[in-house]
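Take a look at the letters that make up each chain.
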Amino acid sequence: MSGHQTLRQFLLAEHKQGKMSQDMVLLMEDIATSCRIIAHKVRNGAFLDILGATETSNVQGETQKQLDVIADEVFQEHCANCSRVAALVSEEIDEVIWLKDAPKAGDYLVYYDPLDGSSNLNVNLSVGSIFSVVELQEDITEKSNEAVLIKGAKQICAGYSLYGPSTSLVLTTGHGVNGFTHKIGNGEFLLTFPDMRLGAETQEFAINASRARKWDPVITRYVEECLDGKDGPRGKTFNMRWVASMVAEVHRILMRGGVFLYPKDAGNAAAGGKLRLLYEANPMGFIMEQAGGKASTGHGRILDVQPTGHHQRISVILGSAAEVDLIDSYYRDAQ
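Residues numbered from 1 in each chain as written. Predicted model: local features only at pLDDT ≥ 70, side-chain atom pairs only at ≥ 80, totals over all residues. Heavy atoms only, no water.

## Examining the overall build of the chain
When you go through the chain residue by residue, the secondary structure sums to eight helices and 17 strands. Computed over its C-alpha atoms, the radius of gyration of the chain comes to 19 Å, within 12% of the 20 Å expected for a compact globule of 335 residues. Taken over the C-alpha atoms alone, the chain extends approximately 55 × 50 × 45 Å along its principal axes. Accessible area of the chain: about 14300 Å², with a carbon and sulfur share of 48%. If the 32 positive side-chain charges of the chain are averaged to one point and the 42 negative ones to another, these points end up 5 Å apart. (Helix = DSSP H or I, 4+ residues; strand = E, 2+ residues; numbered from the N terminus. Rg over C-alpha atoms; globule rule 2.2 N^0.38 Å. Areas by Shrake-Rupley, 256 points an atom, 1.4 Å probe, with all protein chains shown as cover. Lys, Arg positive; Asp, Glu negative; His and termini not counted. Charge placed at Lys NZ, Arg CZ, Asp CG, Glu CD.)

## Looking at the sheet that holds strand E3 (residues 85-90)
Taken together, eight strands build an open sheet; the order of strands is E4-E3-E5-E6-E7-E8-E9-E10 and the sheet is mixed. Edge positions in the sheet fall to strand E4 (97-98) and strand E10 (189-193), since each of these pairs with one other strand and no more. Packed on one face of the sheet, helix H4 (residues 66-79) meets E3, E4, strand E5 (108-116) and strand E6 (127-135) and runs near 155° to E5. Across the sheet, helix H6 (residues 246-256) touches E5, E6, strand E7 (155-163), strand E8 (167-172), strand E9 (177-182) and E10, and the angle it forms with E7 is around 100°. (Pairing = 2+ DSSP bridges. Contact = heavy atoms within 4.5 Å. Axes fitted to C-alpha atoms, helices over the stretch in contact; angles between N-to-C directions.)

## Considerations on unusual backbone geometry
Look at asparagine 124: it is not a glycine, yet its phi comes out positive at around 60°. Tracing the sequence through the fold places asparagine 124 in the loop between E5 and E6. Classification of asparagine 124 by relative accessible area gives exposed; the value is 72%. The backbone of aspartate 195 sits at a positive phi, close to 50°, despite the residue not being glycine. (Buried < 20%, exposed > 50% of the residue type's maximum accessible area, 1.4 Å probe, protein only.)

## A closer look at the nonpolar core
Core analysis: the largest hydrophobic core is formed by 40 residues, its most contacted members being Leu27, Met28, Leu115, Phe131 and Leu169. When residues of this core are assigned to their parent elements, the largest contribution, 10 residues, is made by helix H2 (residues 22-43). With residues near it in sequence (within four places) discarded, phenylalanine 131 still touches Met28, Ile31, Phe75, Tyr111, Tyr112, Cys157, Ala158, Gly159, Tyr160, Leu169, Leu171 and Pro283. (Core = buried A, V, L, I, M, F, W, Y, C linked by side-chain atoms within 4.5 Å.)

## Quick look at the packing of H2 against H4
Between H2 and H4, whose axes approach to 9 Å, the crossing angle comes to 155°. Classified by the interaxial angle, the pair formed by H2 and H4 is roughly antiparallel. Our pair here, H2 against H4, has a crossing hand that is right-handed. Taking contact as the criterion, the partners of Leu27, Asp30, Ile31, Thr33, Ser34, Cys35, Ile37, Ile38, Lys41 and Val42 in H2 are, on H4, Leu67, Ile70, Ala71, Val74, Phe75, His78 and Cys79. (Parallel < 35°, antiparallel > 145°, perpendicular 65-115°, else oblique. Left-handed = near helix turned anticlockwise from the far one by under 90°.)

## Quick look at the pattern of salt bridges
A full pass over the atoms with the stated rule returns 17 salt bridges. The partner of aspartate 107 in a salt bridge is lysine 100, and the shortest N-O contact between them spans 2.9 Å. The network of salt bridges with shared partners includes Glu204, Glu249, Arg252 and Arg256. (Salt bridge = Lys/Arg side-chain N within 4 Å of Asp/Glu carboxyl O.)

## Some words on the layout of surface pockets
A probe as big as a water molecule, rolled over the atoms, marks out the empty space that is left. Reported here for the second largest pocket is a volume of approximately 310 Å³. Sorting the residues of the lining of the second largest pocket by element identifies H2 and helix H3 (45-48) as the ones contributing at least two each. Among the elements that line the lining of the second largest pocket, the one with the most residues is H2, at three residues. Considered class by class, the residues forming the lining of the second largest pocket number nine nonpolar, seven polar and one charged. (1 Å grid on protein atoms, 1.4 Å probe; cavity = no way out; pocket = protein on both sides within 12 Å on 5 of 7 lines; lining within 4 Å. Points joined across faces, edges and corners; volume = space filled by probe spheres on them. Nonpolar A, V, L, I, M, F, W, Y, C, P; charged D, E, K, R; others polar.)

## A closer look at the pairing of strand E13 (residues 259-262)
Burial of E13 is two-sided: the residues Val259 and Leu261 facing one way and the residues Phe260 and Tyr262 facing the other way are all buried. Examined bridge by bridge, strand E11 (residues 204-206) and E13 share two bridges and lie parallel to one another. Residue phenylalanine 205 lies in a different strand from E13, and its bridge partner there is valine 259. Bridging between E13 and strand E17 (residues 316-319) involves four bridges; their strand directions are antiparallel. Pairing of phenylalanine 260 across the sheet is with leucine 318, part of E17.

## A word on the sheet that holds E13
The strand order across the open sheet formed by five strands is E12-E11-E13-E17-E15, and the pairing between neighbours is mixed. Each edge of the sheet is formed by a strand with only one pairing partner; in this case those strands are strand E12 (239-241) and strand E15 (294-296). Taking the axes of each pair of neighbouring strands and ignoring which way they run, one obtains an average angle of 15° across the sheet. As defined by bridge partners, E11 adjoins E12 across three bridges and the pair is classed as parallel. Note that in E12 the partner of alanine 206 across the bridge is arginine 241. Strand contacts of helix H7 (residues 277-290): E15 and E17, with the helix running at about 25° to E17, the strand carrying the most contacts. Against the sheet, helix H8 (residues 321-334) contacts E13, E15 and E17, and its axis sits at roughly 150° relative to E17.

Distances and angles like these do not, on their own, reveal function.
Encoded structure:
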């Protein structure tokens, strides 16, 4: 018998300590079930012939993979099991999916990216799912896309699942960050990485260097100083990484430190950036802060940004606090 605490045991303990409601326990179990199903489909995608693209695009204009659509359907089906979920906001769906006719204070909004990094599927690299939960503070009298535009600081839970060599589930309920690993055979998520914490400093950064010609002077300065190594102004050697999956990048940072940058640049400035605020930047920012790191746009805390659209894009700089603070200081110097 494993000595690791199961996800259910962990959630029930959080409930007993008053850190989450019983309904949130049930919702987290439904989300964990979704992640187990998606992990199975990713692992067996080649046999099921579901790794290829569809003939459709999502609201961002990105060609959808078959597994993007399947993963979205899995999340919709299982999140709808919780009676307090009023609406779902998915990367793959244009409009907000309302599950209640008259959402009340105390109901939940669930934001999610059902399959992050799906361009990695055909080359067998890591992909994942991202989710976030907000509790309504007041009744919603008119169901609209605008009704779900709530700051990330209001999140009560966020997490992700990484479908890699093992399937991980990492979550925060606002009381630290805990990591679980799916055990093949019994189907349980077991607590394997309790109280995940980031060191304040690092010698590793992740950015898509193919966009270097489009970066603003601040990002160019930061990257060049890191690459200058021991003889440069940073006085130490940095490693550069890029997986092209936000879930994989964030998980690496949680495990060994680092900073992840997907900034607004000349190529995506008109859209506001590349990554989506509500179901990518906010949940990952919440996780980073709960693990002792920081998450910034370069001009302020991500979780303080007031959303203007439910598919809004934003500049993202997150990870070890000292690196995020340094980049923010460069932006202040440039003003």
